[in-house]
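Here is how the chains run, residue by residue.
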Amino acid sequence: MNWLRRVMMGRYGRLDQLNIALFIFYLFLTLIRLVLSVIYHITNPVTMFQLGIITLGTIFSVIYGLQIAAVVIFILRIFSRNIAKRQAENARFVNWLGGFRDYSNFRKQKKMARQDGKALYKCPSCKKVVRVPLGRGRIEITCPNCKHKFIKRT
């Protein structure tokens, strides 16, 4: 076990959000390949090419290539000595993923606000969420945060 400590000394070696996402992506692709092989009763992509099922063989090959890429990136990130760069990559990934989460949360909030007779809009200047009453037609909205004025239809 001491040899493993020596090997990993000064390396990134963390199971961060990006590595977890790569691993989940790999498992997802494995599941797709498994389902396709069960459906078509073929386990080897080479036999698919020989049988003339070119499109299915191509799909298998592309999925396999993506699996290999995910594993290689995963391993290279773990054994990397450039810790700052790996942390920056993970921060960018978390920020990118957070954009999707924010968007889906905003849509849920919008739906809930509509049930209460309100509409939610994001200020174009500061991106703060502003709540206004529904059914007023075109109104001028003043952001309480930055005092920017914009016109929206409710």
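All of these numbers come straight from a predicted model, not from anything done at the bench. (Residues numbered from 1 in each chain as written. Predicted model: local features only at pLDDT ≥ 70, side-chain atom pairs only at ≥ 80, totals over all residues. Heavy atoms only, no water.)

J.: Just checking my understanding: could you explain helix H2 (residues 17-40) for this structure?
T.: Helical geometry note: an α-helix holds 3.6 residues per turn, so side chains three or four residues apart project in the same direction. With 24 residues, H2 should reach 34 Å at 1.5 Å per residue; the first-to-last C-alpha distance of 35 Å fits that figure. In the segment just after H2, His41 is the residue with positive phi, at about 55 degrees. (Helix = DSSP H or I, 4+ residues; strand = E, 2+ residues; numbered from the N terminus. Expected span 1.5 Å × (residues − 1).)

J.: Looking at this model, I keep getting lost on a positive patch on the surface. Mind explaining?
T.: Judged by side-chain charge, Arg107, Lys110, Arg114 and Lys152 come together as a positively charged surface patch. Tallying contributions element by element places helix H5 (residues 83-115) first for the positive patch, with 3 residues. With respect to the element layout, Lys110 can be found in helix H5. Among the residues examined, Lys110 registers a relative accessible area of 32% and is labelled partly exposed. (Patch = residues over 30% accessible without salt bridge, like charges linked within 9 Å, V, L, I, M, F, W, Y side chains within 5 Å. Areas by Shrake-Rupley, 256 points an atom, 1.4 Å probe, with all protein chains shown as cover. Salt bridge = Lys/Arg side-chain N within 4 Å of Asp/Glu carboxyl O. Lys, Arg positive; Asp, Glu negative; His and termini not counted. Charge placed at Lys NZ, Arg CZ, Asp CG, Glu CD. Buried < 20%, exposed > 50% of the residue type's maximum accessible area, 1.4 Å probe, protein only.)

J.: What is the right way to read the side chain of Arg33 from this model?
T.: Summarising the element assignment, Arg33 is placed in helix H2. Despite its burial, Arg33 remains without a salt bridge, the nearest opposite charge being carried by Asp16 at 23 Å. Excluding anything up to four places from it in sequence, Arg33 contacts Phe60, Ile63, Tyr64 and Gln67. (Contact = heavy atoms within 4.5 Å.)

J.: Honestly, a nonpolar patch on the surface in this entry has me stumped. Any pointers?
T.: Where nonpolar side chains cluster on the molecular surface, the patch consists of Met1, Trp3, Leu4, Val7, Val71, Ile75 and Phe79 and spans about 660 Å² of accessible area. Mapped by element, the contributors of at least two residues to the nonpolar patch are helix H1 (2-8) and helix H4 (54-78). The biggest single contributor to the nonpolar patch is H1, with 3 residues.

J.: I'm lost on unusual backbone geometry in this one. Help?
T.: Working note: non-glycine residues mostly have negative phi, and peptide bonds are mostly trans. Located in the positive-phi region is Lys127, a residue other than glycine, with phi close to 65 degrees. Considering the arrangement of structural elements, one finds Lys127 in the loop between strand S1 (118-122) and strand S2 (129-133). Look at Lys147: it is not a glycine, yet its phi comes out positive at around 65 degrees. Following the sequence through the fold, Lys147 ends up in the loop between strand S3 (138-142) and strand S4 (149-153). Looking at Lys147, the relative accessible area reads 58%, which means it is exposed.

J.: Explanation requested: the packing of aromatic side chains in the structure shown.
T.: Each aromatic ring pair is described using two quantities: the centre-to-centre distance and the angle formed by the ring planes. Applying the stated criterion across every chain yields a total of 2 aromatic pairs. Consider the rings of Phe23 and Phe74, whose centres lie 6.5 Å apart with planes at 40 degrees: the pair is tilted. Pair noted here: Phe23 is in helix H2 and Phe74 is in helix H4, with a separation of 51 residues, a long-range link. Ring plane angle 35 degrees and centroid distance 6.1 Å describe the contact between Phe93 and Trp96, whose orientation is recorded as tilted. Linking Phe93 with Trp96, this pair stays in helix H5, spanning 3 residues, or about one helical turn. Accessibility expressed as a relative area gives 51% for Trp96, which makes it exposed. Lying across the ring of Phe106, Lys122 places its NZ or CZ 4.8 Å from the centre. (Phe/Tyr/Trp six-rings, centres within 6.5 Å; stacked < 30°, edge-to-face > 60°. Lys NZ or Arg CZ within 6 Å of the ring centre and 35° of its normal.)

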